[in-house]
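# Inside the fold
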Amino acid sequence: MNRAKMDLGAQVVPLQRVPPSYESDAELGAALIRGEAAAAHQVWKRYGPLVRRIIKRTLGPGYEVDDYAQDAFLRFFTMVPSLQEPKALRNFLIAVTTNVVRDALKYRWVRRIMQPLSREVSEKPAPGDDASEREALRRFYMILDRLSADDRTAYVLRFIEEMDLTEVAEALGCSLATVKRRLSAIHKRIFKMVERDPALVEYLTTRNGRSPDA
Amino acid sequence: MPSRKHLEADAALAELARLARRDLVDTAGPSEDARGWAELRESLARNQNRSRRSTMTWIFAAAAIVAVLVGGMGVLIGRPKPIEYTVEAGTIDEGGYVRATGAAGPTIHFSEGSQVGFLPSSRGRINSTSRDGAQLTVEDGGAEVSIVHRPRAEWLVDVGPFAIAVIGTSFKVQWSSAEEVLEVRMHAGIVGVRGPLAAGGITVKAGQRLLVRVRSGEVRLDPDRGEAAGGVQDDETDDLGRGPSNDDGVITNATRPQADRRATGSRPLEARNWTKLLTSGEFRSILSQAEQMSIESALTTTSKQDLAALADAARYLRRTDIAERALTAERQRFKGSLQAKEAAFFLGRLAEDASRLRDAVSWYDTYLSEAPNGSYASEGLGRKMVAIQKMGVTETARQVARQYLDRFPRGAYAVAATQLLDSR
């Protein structure tokens with residue numbers, strides 16, 4: 001007698017395929033290298049928000065990120081065969097995303113030279129929006145516009161995305177010592193530019209009750 | 001122990017970083033996420049089909065692996081070194097400050113051939129160098145800047161509160177911090193200048209002189225009768241690899257840049273990366289490749305990014321016919337994408353340049369309705385106002401001026417809008 005006959009009368013539930021969970025990056029990376037289709041979707045779901053956030057924070061306000069995110073994932077999946085350490089999946093994807101963003105910044109830079117265009121985000125505050133904060137953010141990114149693509153990416157990854165120094169070094173493909181030295185110089189330079197911007201000085205003074213150049 | 005100044009800097013920048021973290025977040029909801037994944041899956045499938053069709057893809061895959069090793073996980077191989085420099089008639093201290101050792105201003109010679117000569121009594125420093133260029137500051141005084149054009153060259157000169165972006169060019173820049181006056185005299189090439197009164201950027205070309213008086217709010221861009229009228233660069237290709245241009249800015253085809261010669265020979269479509277060529281300033285090379293495969297084929301088969309690069313290259317080279325076709329193709333093939341929306345704005349620009357003002361207004365309207373908060377919203381609205389004014393429909397132009405001031409009270413067209421409203 002087989003089991004089906006024993007269970008007569010019980011409700012028959014169609015068997016559903018449960019997608020694998022790939023809990024760790026090592027499992028996910030290994031599955032990706034093996035070419036499992038479900039793994040690709042899992043990477044998209046797990047890291048899509050991170051990739052979009054890095055792109056958005058590096059490019060600044062007013063930019064749509066979807067096309068760049070697509071580009072990052074396309075490049076990433078093309079390069080999966082070169083992923084030697086499956087557990088390094090996240091850092092590998094960040095490095096690829098960083099390259100996409102740096103290319104985008106350079107492309108934008110060329111467009112700016114050839115046909116400089118106003119990039120004012122609408123200055124009219126939305127209901128409940130703090131206009132002074134929006135203006136401060138806009139001016140802050142105008143300062144970041146004055147950095148090279150590499151410096152800007154390094155700064156955003158470390159101080160806005162709050163990655164640790166080793167992650168930033170890996171994403172940018174340079175040594176830890178170089179990243180430390182570079183970030184220190186960028187930090188000083190940005191602060192000097194902030195000090196020279198009266199609107200930012202006023203914003204920070206009001207915010208913190210003190211001047212940044214006190 | 002960190003100094004007070006250091007702590008203040010940390011606190012100030014931490015506050016600005018906090019703002020960025022709070023406001024710049026991933027806003028994709030489940031439907032956008034699903035749409036994004038579907039689009040990605042389609043692109044991946046297209047790539048797989050290509051790889052079945054062409055063994056060449058393996059070569060590009062190998063190249064891609066090398067690229068990620070060099071670019072992404074570069075620690076394994078190491079990256080190209082930054083350019084180096086030496087200083088003549090001066091020294092550089094640890095902070096990068098350049099100091100003269102005599103009465104003459106110091107000159108910095110860069111290893112790839114560029115040089116920056118500070119004028120006597122000027123102060124400046126080198127902020128950083130990379131494999132593609134350097135970032136310099138002229139704090140007070142001036143400098144003669146001569147940058148060698150190279151693919152991907154990236155130079156930035158900070159002058160007081162202004163930033164000058166350079167690909168390859170020569171110019172003289174002077175800044176008086178006491179008077180708050182900036183002067184840029186272009187000998188050759190083209191630069192973009194951003195700063196007070198020029199937040200949206202001003203392009204300065206060979207033979208032009210830009211004068212910005214910050215205090216009085218004066219910005220003048222005139223032909224430079226003083227130094228560059230004779231033209232430092234006459235019959236040669238300019239620094240962007242283009243042929244010489246006549247007085248109307250029309251680019252002639254007298255000199256064929258090296259990139260074109262490299263571009264001969266057939267390559268599979270998927271190997272094209274016109275965005276990279278565009279970034280390198282190799283506009284003519286993009287057009288040459290497109291013509292080689294036939295413009296029609298380029299318009300119908302290239303990727304979204306390559307098509308946008310083709311449209312940009314054609315615009316920069318003033319090949320309006322091709323630019324219009326490429327922008328139209330972007331709108332038809334990639335409806336709803338960011339590029340398709342921006343294509344409407346650029347079609348407006350082309351129509352406006354050709355004095356087809358009604359068309360221009362229609363395209364600006366299309367762009368503003370499709371991307372009300374897009375990158376070019378301010379400029380689109382400003383240009384719409386100017387175009388309507390030129391058409392002689394003053395009352396409508398005034399309505400647009402009000403809209404503009406309402407949305408962009410400090411925008412690039414705010415002065416023009418105010419003047420229009422005051423001119424009753």
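Treat the numbers as computed from the prediction; the structure is a model and nothing was measured.

Attention now goes to the overall build of chain A. A tally of regular secondary structure across chain A gives ten helices and zero strands. Starting at the N terminus and walking to the C terminus, you meet the elements of chain A as α-α-α-α-α-α-α-α-α-α. When burial is assessed residue by residue, chain A has 55% of its 214 residues classed as buried.

Moving on, we get to helix H3 (residues 37–59) of chain A. Residues and elements named next belong to chain A. Here H3 contains 23 residues, and its C-alpha end-to-end distance of 31 Å stays within 8% of the 33 Å for a straight helix at 1.5 Å per residue. Maximal helix bending in H3 amounts to about 55 degrees, located at Tyr 47; proline Pro 49 follows within four positions. Looking one or two places after H3, you find Gly 60, whose phi comes out positive at around 100 degrees.

A word on the confidence of the model for chain A. If pLDDT is low for a region, its predicted coordinates should not be looked at in detail. All names here are of chain A. Here chain A shows a mean pLDDT of 78. Residues at 70 or above account for 76%. Across residues 1–9, confidence stays below pLDDT 50; counting only partners more than four residues off in sequence or on other chains, it has one contact. Across residues 116–128 the pLDDT falls below 50, and counting only partners more than four positions away or on other chains, this stretch makes 46 contacts in the model.

This brings us to the nonpolar core. A:Leu32, A:Val43, A:Phe76, A:Phe77, A:Ile190 and B:Leu16 are the most contacted members of the largest nonpolar core, which totals 74 residues. Among the elements that line this core, the one with the most residues is H3(A), at ten residues. Not counting chain neighbours up to four residues away, the residues in contact with A:Phe77 comprise A:Leu32, A:Ala40, A:Val43, B:Leu40 and B:Leu44.

Applying the stated criterion to the full structure yields 18 aromatic pairs over all chains. Ring geometry for A:Trp44 and B:Trp37: centres 6.2 Å apart, planes at 40 degrees, overall tilted. With one member in each of two chains, A:Trp44 in helix H3 and B:Trp37 in helix H2 (residues 30–53) form a pair that bridges those chains. Residue classification places B:Trp37 among the buried residues on the basis of a relative accessible area of 10%. Among the aromatic residues, those joined into a cluster by ring pairs are A:Trp44, A:Phe73, A:Phe76, A:Phe77, A:Phe92 and B:Trp37. The lysine or arginine in question, A:Arg52, covers the ring of A:Trp44, its NZ or CZ lying 5.7 Å from the ring centre. Taking NZ or CZ as reference, B:Arg315 lies 3.7 Å from the ring centre of B:Phe346, over its face.

Now for the pairing of strand S11 (residues 181–188) of chain B. All names here are of chain B. In terms of burial, S11 is a largely internal element, eight of the eight residues being buried. By the bridge criterion, seven bridges tie strand S10 (residues 169–176) to S11 in an arrangement that is antiparallel. Following the sheet pairing, Ser 176 is matched in S11 by Val 181. Two successive antiparallel strands, S10 and S11, enclose a turn made up of four residues, where Glu 180 displays a positive phi of approximately 55 degrees. As paired strands, S11 and strand S14 (residues 208–213) are joined by five bridges and run antiparallel to one another. Residue pairing in the sheet places Arg 185 in a bridge with Arg 209 of S14.

Residues and elements named next belong to chain B. Mapped onto the elements of the fold, Thr 169 is located in strand S10. What makes Thr 169 buried here is its relative accessible area of 4%. A distance of 3.5 Å separates a polar atom in the side chain of Thr 169 from the backbone nitrogen of Ile 190.

Our next topic: the packing of helix H13 (residues 394–407) of chain B against helix H14 (residues 414–422) of chain B. All names here are of chain B. Between H13 and H14, the shortest axis-to-axis distance is 9 Å and the interhelical angle comes to 135 degrees. The angle between H13 and H14 falls in the class oblique. The handedness of the crossing between H13 and H14 is left-handed. Packed against H13, whose contacting residues are Thr 394, Ala 397, Arg 398, Ala 401, Arg 402, Tyr 404 and Leu 405, the element H14 presents Ala 414, Ala 417, Thr 418, Leu 420 and Leu 421 at the interface. Residues belonging to the contact of H13 with H14 are distributed by class as follows: eight nonpolar, two polar and two charged.

Assignment of secondary structure puts B:Ser128 in strand S6 (residues 123–130). A sequence separation of 45 residues divides B:Ser128 from B:Ile83, and the C-alpha atoms of the two residues are 10.0 Å apart. In this view, B:Ser128 contacts A:Asp151, B:Ala134 and B:Gln135; residues no more than four positions away in its chain are not counted.

This next bit is on the pairing of strand S5 (residues 115–118) of chain B. Residues and elements named next belong to chain B. Bridge count for strand S4 (residues 107–110) against S5 is three bridges, and the pairing is antiparallel. When the bridges of S5 are listed, Ile 108 appears paired with Val 116. The antiparallel hairpin formed by S4 and S5 contains four residues in its connecting segment, where Gly 113 sits at a positive phi of about 110 degrees. The pairing of S5 with strand S7 (residues 133–147) spans four bridges and is classified as antiparallel. Its bridge partner being in S7, Gln 115 is matched across the sheet by Ser 146.

Let us look at unusual backbone geometry. Not every positive phi belongs to a glycine, and A:Glu162 is a case in point at roughly 55 degrees. Its identity is not glycine, yet B:Ser355 carries a phi of approximately 60 degrees, on the positive side. By secondary structure assignment, the location of B:Ser355 is in the loop between helix H10 (338–353) and helix H11 (357–370).

Here is what the cut-offs are and how they apply
- The numbering scheme is per chain: residues are counted from 1 as the chain's sequence reads.
- Chain A is the first chain written and ligand 1 is the first ligand written, with later ones labelled in order.
- Where local features are concerned, this predicted model is filtered to residues with pLDDT of at least 70; where side-chain atom pairs are given and counted, the filter is 80 or more; whole-chain, interface and lining totals use all residues.
- Note that the side-chain values use all heavy atoms of the structure and ignore hydrogens as well as water.
- Numbering of helices and strands starts at the N terminus; helices are DSSP runs of H or I of at least 4 residues and strands are runs of E of at least 2.
- Relative accessibility thresholds used throughout: buried, under 20% of the residue-type maximum; exposed, over 50%; partly exposed, between the two (1.4 Å probe, protein chains only).
- Residue count minus one, scaled by 1.5 Å, sets the expected span of a helix.
- A residue's bend is the angle separating two fitted axes: one through the seven residues that end there, the other through the seven that start there.
- A score between 0 and 100, pLDDT records how confident the predictor is in each residue.
- Contacts: residue pairs with any heavy atoms within 4.5 Å of one another.
- Residue types Ala, Val, Leu, Ile, Met, Phe, Trp, Tyr and Cys, when buried and joined through side-chain atoms within 4.5 Å, form a set referred to as a nonpolar core.
- Note on aromatic contacts: the rings of Phe and Tyr and the six-membered ring of Trp form a pair at centre separations within 6.5 Å, being stacked when their planes are under 30 degrees apart, edge-to-face when over 60 apart, and tilted otherwise.
- Distance and angle both matter: a charge sits over a ring if NZ of Lys or CZ of Arg is within 6 Å of the ring centre and within 35 degrees of the ring normal.
- Any two strands with at least two DSSP-identified bridges between them are counted as paired.
- Two N or O atoms count as a polar contact when they lie within 3.5 Å, although within protein this holds only if one can serve as hydrogen donor and the other as acceptor, and sequence-adjacent residues are included solely when both atoms are side-chain atoms.
- Angles shown run from 0 to 180 degrees and are taken between the N-to-C directions of axes, each axis being a line fitted to C-alpha atoms and, for helices, limited to the stretch in contact.
- Each angle gets one of four labels, with under 35 degrees taken as roughly parallel, over 145 as roughly antiparallel, 65 to 115 as roughly perpendicular, and the rest as oblique.
- Each crossing gets its handedness from the near helix: less than a right angle anticlockwise from the far helix is left-handed, clockwise is right-handed.
- Under the scheme applied here, ten amino acids are nonpolar (Ala, Val, Leu, Ile, Met, Phe, Trp, Tyr, Cys and Pro), four are charged (Asp, Glu, Lys and Arg), and all others, including Gly, are polar.

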